[in-house]
Amino acid sequence: MEMPEVIVPNPHLLQSDHLLKYILETSVHPREPQILKELRDTTVAVDTRSPIALDPHSGQLVGMLLKMLNPKRTLEIGVYTGYSLLATALSTPPDAKITAIDPKAEWYGVGLPFIKKAGVEHKIDFIHSIALPVLDDLLLLQGGNEGSFDFAFVDADKNNYGNYHERLMKLVKIGGVIVYDNVLWGGTVASPDGDGVPDHMKEIMAMAIEFNRRIAGDDRVEICVAPVGDGLTICRRIS
Ligand SMILES: C[S@@+](CC[C@H](N)C(=O)[O-])C[C@H]1O[C@@H](n2cnc3c(N)ncnc32)[C@H](O)[C@@H]1O
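Residues numbered from 1 in each chain as written. Predicted model: local features only at pLDDT ≥ 70, side-chain atom pairs only at ≥ 80, totals over all residues. Heavy atoms only, no water.

Caption draft 1: Structural context of the nonpolar core. Leu-75, Tyr-164, Leu-168, Ile-178 and Tyr-180 are the most contacted members of the largest nonpolar core, which has 33 residues in total. Elements supplying a minimum of two residues to this core: β1 (73–77), α6 (131–141), β4 (149–154), α7 (161–171), β5 (172–181) and α8 (199–216). Per element, the largest residue contribution to this core is six residues, and it comes from α6. Dropping the residues within four chain positions of it, Leu-168 is found in contact with Leu-75, Ala-152, Val-154, Ile-178 and Tyr-180. (Core = buried A, V, L, I, M, F, W, Y, C linked by side-chain atoms within 4.5 Å. Buried < 20%, exposed > 50% of the residue type's maximum accessible area, 1.4 Å probe, protein only. Helix = DSSP H or I, 4+ residues; strand = E, 2+ residues; numbered from the N terminus. Contact = heavy atoms within 4.5 Å.)

Structure representation (structure tokens):
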């Protein structure tokens, strides 16, 4: 009997270890800002679980996108110790403002010294909360925020990606960009019947498949699924 291919949980989708090593060694790690490397090393030292911070290859892509967009106002959903937040702060103009949301302030505390050392703390408004009520508050209570963000990065709470998308389609301006992380969930999305997928990955696999289906059919955005890191969907709002 032919056995199903076992999908190994792997934060990088590139299944050729040699090629991944080549890319990281030639083009990613030598170019990673020293302060981001210090934060990455500290994060690994203080949190021994499997890595959940944005990987440096994805950080490089997001950083370059930001430099091309030159955003004045950005949103970050899911901060953890702040790798993607610091990458954002380093890649935006000096007067940019980043609204960063996470219910776990203790992890943000790990990253804050690095953010201060980089001299970019003034850009960040950290909101200690789950994201959905904050987005609703920005839209409903505070008013005036529709179309006021140039960029958003979403890396938390996968079951709410669809809900975040609907709010972000109002908060991010036409022409603005939203990036969603983990959309390929270790490659499991290509095995929707679950063959070879570890049980603990199946719930988010199903959510990622549903989110990807929805975004692919959303004609309010242009999209590109970049198979970098754990899969990044780059959406540009066009209407
Ligand atoms: C994958 S980590 C984010 C990694 C981060 N982007 C980085 O580069 O280090 C996910 C984070 O989302 C946060 N989180 C979980 N549920 C959330 C929610 N409902 N709203 C906002 N953040 C949430 C967790 O506390 C965790 O810090």
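Caption draft 2: View of empty space enclosed by the protein. Taken as a whole and assessed by the stated rule, the structure comprises one cavity of 30 Å³ or more. Residue lining of the largest cavity: Lys-158, Tyr-161, Asn-182, Val-183, Ile-204, Met-207, Ala-208, Phe-211 and Asn-212, and that is the complete set. The element that contributes the greatest number of residues to the lining of the largest cavity is α8, accounting for five residues. Of the residues belonging to the lining of the largest cavity, the class tally is six nonpolar, two polar and one charged. (1 Å grid on protein atoms, 1.4 Å probe; cavity = no way out; pocket = protein on both sides within 12 Å on 5 of 7 lines; lining within 4 Å. Points joined across faces, edges and corners; volume = space filled by probe spheres on them. Nonpolar A, V, L, I, M, F, W, Y, C, P; charged D, E, K, R; others polar.)

Caption draft 3: Just the pairing of β5, in detail. Counting buried positions over the ten residues of β5 gives seven, a clear majority of the element. The parallel pair β4 and β5 is bridged by α7, and the resulting crossover is right-handed. Sheet analysis places β5 next to strand β7 (residues 232–237), joined by five bridges and oriented antiparallel. By the bridge assignment, Tyr-180 is partnered in β7 with Thr-233. (Right-handed = clockwise from strand over helix to strand, strands pointing away. Pairing = 2+ DSSP bridges.)

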